[in-house]
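Analysis of the macromolecular model
Here is how the chains run, residue by residue.
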Amino acid sequence: QVQLVESGGGLVQAGGSLRLSCAASSRTSFSRYAMGWFRQAPGKERECVAAINWSGSRTYYADSVKGRFTISKDNAKNVVYLQMNSLKPEDTAVYYCAANPSPFGSLYYTGASVYDYWGQGTQVTVSS
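Conventions and cut-offs
Residues numbered from 1 in each chain as written. Predicted model: local features only at pLDDT ≥ 70, side-chain atom pairs only at ≥ 80, totals over all residues. Heavy atoms only, no water. Buried < 20%, exposed > 50% of the residue type's maximum accessible area, 1.4 Å probe, protein only. Helix = DSSP H or I, 4+ residues; strand = E, 2+ residues; numbered from the N terminus. Pairing = 2+ DSSP bridges. Contact = heavy atoms within 4.5 Å. Phe/Tyr/Trp six-rings, centres within 6.5 Å; stacked < 30°, edge-to-face > 60°. Core = buried A, V, L, I, M, F, W, Y, C linked by side-chain atoms within 4.5 Å.

**Re the pairing of strand β7 (residues 69–74)**
Burial along β7 is one-sided: the face carrying Phe69, Ile71 and Lys73 is buried and the face carrying Thr70, Ser72 and Asp74 is not. Judged from the six bridges that link them, β7 and strand β8 (residues 79–84) form a sheet pairing that is antiparallel. By the bridge assignment for β8, Ser72 is matched with Tyr81. Here β7 folds back onto β8 in antiparallel fashion, the turn holding four residues, of which Asn78 has a positive phi close to 60°.

**Regarding the environment of Asp74**
Topologically, Asp74 is positioned in strand β7. Along the backbone, Asp74 and Ser55 are 19 residues apart, and their C-alpha atoms lie at a distance of 8.6 Å. Other than its neighbours up to four places away in sequence, Asp74 contacts Phe30, Val79 and Tyr81.

**As for the environment of Val12**
Its place among the elements puts Val12 in strand β2 (residues 10–13). A relative accessible area of 13% places Val12 in the buried class. In sequence terms Val12 and Tyr109 are 97 residues apart; their C-alpha atoms lie 28 Å from each other. Setting aside chain neighbours within four positions, we find Val12 in contact with Ser17, Leu87, Thr125, Val126 and Ser127.

**Considering the packing of aromatic side chains**
A full pass over the atoms with the stated rule returns six aromatic pairs. For the ring pair Phe38 and Tyr115, a centre distance of 5.3 Å and an interplane angle of 80° mean the geometry is edge-to-face. Of this pair, Phe38 sits in strand β4 (residues 34–40) while Tyr115 sits in the loop between β9 (93–100) and β10 (117–118), and the two are 77 residues apart along the sequence. Note on accessibility: Phe38 and Tyr115 belong to one class, buried. A ring pair is formed by Phe38 and Trp118, whose centres lie 4.9 Å apart and whose planes are at 55°; its orientation type is tilted. Taken as a pair, Phe38 in strand β4 and Trp118 in strand β10 lie far apart in primary sequence, 80 residues in all. A relative accessible area of 1% places Phe38 in the buried class. Overall, Trp118 belongs to the partly exposed group, its relative accessible area being 25%. Here the aromatic cluster, defined as three or more aromatic residues joined through ring pairs, consists of Phe38, Tyr96, Tyr115 and Trp118.

**Here's the deal with the nonpolar core**
Trp37, Leu82, Met84 and Tyr95 are the most contacted members of the largest nonpolar core, which totals 29 residues. Where this core is concerned, the elements lending two or more residues are β3 (18–24), β4, β5 (47–52), β7, β8, β9 and β11 (122–127). In this view, Met84 contacts Gly16, Ser17, Leu18, Leu20, Arg68, Phe69, Tyr95 and Val124; residues no more than four positions away in its chain are not counted. In terms of nonpolar packing, the next biggest core, distinct from the first, is built from seven residues, Ala34, Cys48, Ala98 and Tyr115 among them.

Here it is, written out as C-alpha coordinates:
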(Lines give C-alpha, C1' and ligand atoms only; values in the text may rest on other atoms or scores of the structure.)
Protein backbone atom coordinates (compact mmCIF):
# COMPACT_ATOMS: atom_id res chain seq x y z
CA GLN A 1 0.00 0.00 0.00
CA VAL A 2 0.96 3.63 -0.28
CA GLN A 3 3.01 4.83 2.65
CA LEU A 4 2.92 8.39 3.91
CA VAL A 5 5.46 9.67 6.41
CA GLU A 6 4.91 12.97 8.17
CA SER A 7 7.55 15.13 9.76
CA GLY A 8 7.92 18.62 11.13
CA GLY A 9 5.59 18.56 14.10
CA GLY A 10 6.63 19.88 17.45
CA LEU A 11 6.16 22.55 20.06
CA VAL A 12 5.91 26.18 19.06
CA GLN A 13 4.89 29.42 20.72
CA ALA A 14 1.69 31.15 19.73
CA GLY A 15 2.38 33.37 16.75
CA GLY A 16 5.14 31.12 15.53
CA SER A 17 5.45 28.99 12.43
CA LEU A 18 5.90 25.36 11.61
CA ARG A 19 6.15 23.45 8.35
CA LEU A 20 4.83 19.93 8.12
CA SER A 21 6.03 17.60 5.40
CA CYS A 22 4.47 14.39 4.16
CA ALA A 23 6.57 12.16 1.95
CA ALA A 24 4.89 9.48 -0.12
CA SER A 25 6.49 6.20 -1.05
CA SER A 26 8.35 6.36 -4.33
CA ARG A 27 6.04 3.91 -6.04
CA THR A 28 3.10 6.25 -5.54
CA SER A 29 1.78 7.94 -8.65
CA PHE A 30 1.94 11.09 -6.60
CA SER A 31 1.19 13.51 -9.41
CA ARG A 32 -2.17 11.81 -9.84
CA TYR A 33 -3.15 11.95 -6.18
CA ALA A 34 -5.20 14.54 -4.44
CA MET A 35 -3.81 15.24 -0.98
CA GLY A 36 -5.14 16.58 2.25
CA TRP A 37 -4.08 17.61 5.72
CA PHE A 38 -6.35 16.76 8.62
CA ARG A 39 -6.08 17.39 12.31
CA GLN A 40 -7.64 15.86 15.36
CA ALA A 41 -7.61 17.39 18.80
CA PRO A 42 -8.59 15.44 21.92
CA GLY A 43 -12.33 14.95 22.04
CA LYS A 44 -12.79 16.47 18.60
CA GLU A 45 -13.71 15.06 15.23
CA ARG A 46 -11.02 14.76 12.60
CA GLU A 47 -11.11 17.96 10.57
CA CYS A 48 -9.80 18.77 7.12
CA VAL A 49 -7.64 21.86 7.40
CA ALA A 50 -6.30 21.94 3.85
CA ALA A 51 -6.60 20.02 0.61
CA ILE A 52 -5.02 20.17 -2.82
CA ASN A 53 -5.62 18.74 -6.26
CA TRP A 54 -3.21 16.80 -8.46
CA SER A 55 -1.21 19.71 -9.77
CA GLY A 56 -1.54 22.06 -6.84
CA SER A 57 -3.55 24.54 -8.85
CA ARG A 58 -6.60 24.26 -6.59
CA THR A 59 -6.61 24.36 -2.82
CA TYR A 60 -9.01 24.37 0.08
CA TYR A 61 -8.60 25.76 3.57
CA ALA A 62 -10.82 25.48 6.58
CA ASP A 63 -12.09 28.84 7.75
CA SER A 64 -10.19 28.43 10.98
CA VAL A 65 -6.83 28.35 9.19
CA LYS A 66 -7.47 30.44 6.10
CA GLY A 67 -4.84 33.08 5.63
CA ARG A 68 -2.47 31.37 8.04
CA PHE A 69 -1.82 27.95 6.51
CA THR A 70 -0.59 27.10 3.03
CA ILE A 71 -0.70 23.67 1.43
CA SER A 72 1.63 22.89 -1.43
CA LYS A 73 2.59 19.84 -3.42
CA ASP A 74 5.89 18.96 -5.04
CA ASN A 75 5.16 16.20 -7.52
CA ALA A 76 8.81 15.79 -8.43
CA LYS A 77 9.70 14.98 -4.82
CA ASN A 78 6.50 13.15 -3.81
CA VAL A 79 6.01 15.55 -0.93
CA VAL A 80 3.09 17.61 0.28
CA TYR A 81 3.68 20.45 2.73
CA LEU A 82 1.63 22.38 5.19
CA GLN A 83 3.15 25.72 6.08
CA MET A 84 1.56 26.95 9.29
CA ASN A 85 2.03 30.57 10.28
CA SER A 86 0.59 32.69 13.08
CA LEU A 87 -0.12 29.58 15.07
CA LYS A 88 -2.69 29.67 17.83
CA PRO A 89 -3.17 27.39 20.83
CA GLU A 90 -6.36 26.10 19.23
CA ASP A 91 -4.24 24.70 16.39
CA THR A 92 -2.88 22.12 18.82
CA ALA A 93 -3.72 18.68 17.45
CA VAL A 94 -2.33 15.61 15.80
CA TYR A 95 -1.94 16.40 12.11
CA TYR A 96 -2.34 13.73 9.46
CA CYS A 97 -1.68 13.76 5.75
CA ALA A 98 -3.87 11.71 3.47
CA ALA A 99 -3.85 10.64 -0.16
CA ASN A 100 -6.68 10.04 -2.59
CA PRO A 101 -5.89 8.40 -5.96
CA SER A 102 -8.62 10.44 -7.56
CA PRO A 103 -9.38 10.01 -11.27
CA PHE A 104 -10.24 13.72 -11.44
CA GLY A 105 -7.26 15.97 -11.66
CA SER A 106 -9.18 19.16 -10.98
CA LEU A 107 -10.68 18.11 -7.65
CA TYR A 108 -9.65 18.31 -4.05
CA TYR A 109 -11.45 16.53 -1.22
CA THR A 110 -12.31 17.56 2.30
CA GLY A 111 -14.05 14.44 3.61
CA ALA A 112 -11.91 11.99 5.54
CA SER A 113 -13.91 9.05 4.23
CA VAL A 114 -12.74 9.52 0.64
CA TYR A 115 -9.05 9.29 1.47
CA ASP A 116 -7.53 5.86 1.03
CA TYR A 117 -4.13 6.35 2.61
CA TRP A 118 -3.07 8.08 5.80
CA GLY A 119 0.12 8.98 7.53
CA GLN A 120 0.81 8.11 11.14
CA GLY A 121 0.21 11.62 12.40
CA THR A 122 2.49 14.22 13.89
CA GLN A 123 1.81 16.20 17.03
CA VAL A 124 1.64 19.97 16.83
CA THR A 125 1.47 21.79 20.14
CA VAL A 126 1.09 25.56 20.30
CA SER A 127 1.72 27.15 23.65
CA SER A 128 0.25 30.45 24.76
